[in-house]
Amino acid sequence: SSTGAGFLARCPTGVDPLSQTFIIEEINGCFITKLDLFFSAKDTSLPVWVEIRNTVNGYPSTKLIPFGRKVLEPADINVDATTGSSATTFTFDSPIFLQAGQEYCFVVMSNSLEYKLWISQMGEFDVSGSNRIISAQPHLGSLFKSQNNRAWDAVQSQDMKFTLRKAAFSTSGATISLSNDNIG
């Protein structure tokens, strides 16, 4: 999870998205279930959506990971314009498997210019009230901006504020019963 700074990034139109890369460090990969994003402004009628995608040479690609899209309506978006502490959770319809050692990204898009996301900016003050300057990047990923959803510009001194959640599976025993329906 990154720390919100006083700098806000605009989540542009559907063809001008924002993206954040991340690397899967779990040895056997993992299943992700949710993504928390932190908004400072939202639209009143148009939705926003996220997509989990592959990367190519460290840049966001257009290849969507299966089950990797989630759309939220404005009523489902939490906004905190002061400290960026209120998360909006995008819960995917199915767990998404991501391979170990691979770099992926999530892309945030909307057909509205009103959505704004919290980011961290190197050298800026943390807005959480701690009065500290952001002096290190919170993870190994990069923030990308695009004007056409194909060509991406990396912003090395910024990261989107997010929390990516993975599934935890129980290893205890279970019983399953399978039966066929009656056929007339």
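Residues numbered from 1 in each chain as written. Predicted model: local features only at pLDDT ≥ 70, side-chain atom pairs only at ≥ 80, totals over all residues. Heavy atoms only, no water.

## Topic: the overall build of the protein chain
Heads up, the condition is: Comment: elements are numbered from the N terminus, with helices defined as DSSP H or I runs of at least four residues and strands as E runs of at least two. Throughout, a residue-residue contact means that at least one pair of heavy atoms, one from each residue, lies within 4.5 Å. Using a 1.4 Å probe, accessible areas were evaluated by the Shrake-Rupley method; residue-level cover was limited to the displayed protein chains.
Along the backbone of the protein chain there are zero helices and 13 strands. Going from N to C terminus, the protein chain has its helices and strands arranged as β-β-β-β-β-β-β-β-β-β-β-β-β. In the protein chain, once contacts between residues fewer than 6 apart in sequence are set aside, the share between residues at least 24 apart is 78%. Counting only carbon and sulfur atoms, one obtains 50% of the accessible surface of the protein chain, whose full area is about 10000 Å².

## Quick look at unusual backbone geometry
Peptide bonds are, in most cases, trans, and in most cases residues other than glycine have a negative phi. Even without a glycine there, the phi angle at N57 is positive, about 55°. With respect to the secondary-structure elements, N57 resides in the loop between β5 (48-56) and β6 (59-72). Of note, F67 is a non-glycine position whose phi angle comes to about 65°, a positive value. Within the secondary structure layout, F67 lies in strand β6.

## Re the pattern of salt bridges
Between side chains of opposite charge, pairing is possible as soon as their charged atoms come close. How we decide: The salt bridge definition used is simple: a Lys or Arg side-chain nitrogen within 4 Å of an Asp or Glu carboxyl oxygen. Three exposure classes are used, based on accessible area relative to the maximum for each residue type with a 1.4 Å probe and protein chains only: buried under 20%, partly exposed in between, and exposed over 50%.
In this structure the tally under the stated criterion is five salt bridges. A salt bridge links D36 to R165, with the nearest nitrogen and oxygen atoms 2.6 Å apart. You can see D36 sitting in strand β3 (residues 30-37) and its partner R165 sitting in strand β13 (residues 162-166), a full 129 residues away along the chain. According to the relative accessible area criterion, D36 is buried, its value standing at 3%. The closest approach of N and O atoms between R53 and E51, which form a salt bridge, is 2.7 Å. Residue class for R53 comes out buried when judged on its relative accessible area of 3%. Connected through salt bridges with shared partners, the residues E51, R53 and R69 form a single ionic network.

## Some words on the environment of S61
As a reminder, the rule being used: Polar contact criterion, stated in full: a pair of N or O atoms within 3.5 Å, where within protein one must be able to donate a hydrogen and the other to accept it, and residues adjacent in sequence count only if both atoms are side-chain atoms.
When you line up the elements, S61 lands in strand β6. Taking the relative accessible area as the measure of exposure, S61 reaches 11% and is therefore buried. The spatial distance from the C-alpha of S61 to the C-alpha of V107 is 9.8 Å, given a sequence separation of 46 residues. Only 3.0 Å separates the side chain of S61 from the backbone oxygen of N54, close enough to count as a polar contact. Engagement of the side chain of S61 in a polar contact is seen with the backbone nitrogen of K63, the distance being 3.2 Å.

## Observations regarding the packing of aromatic side chains
Any aromatic ring pair is given by two values, namely how distant the centres are and how the planes are angled relative to each other. Selection rule: Whether two aromatic rings pair depends on their centres lying within 6.5 Å, for rings of Phe, Tyr and Trp, where Trp uses its six-membered ring; planes under 30 degrees apart make the pair stacked, over 60 edge-to-face, and the rest tilted. Working rule: Lys NZ or Arg CZ, within 6 Å of ring centre, within 35 degrees of ring normal, means a charge sits over the ring.
What the rule picks out here adds up to seven aromatic pairs. Pairing F39 with Y115 gives two aromatic rings, centres 5.8 Å apart and planes at 65°, and the pair type is edge-to-face. Taken as a pair, F39 in strand β4 (residues 39-41) and Y115 in the loop between β8 (103-110) and β9 (116-121) lie far apart in primary sequence, 76 residues in all. Each member of the pair, F39 together with Y115, is buried. Between the aromatic rings of F106 and F162, the centroid separation amounts to 5.0 Å while the plane-to-plane angle is 65°, which identifies the pairing as edge-to-face. Of this pair, F106 sits in strand β8 while F162 sits in strand β13, and the two are 56 residues apart along the sequence. Of the two residues examined, F106 and F162, each falls in the buried class. An aromatic cluster is built from F22, Y104, F106 and F162, whose rings are joined through pairwise contacts. When the ring centre of F38 is taken as reference, the NZ or CZ atom of K161 above it lies at 4.3 Å.

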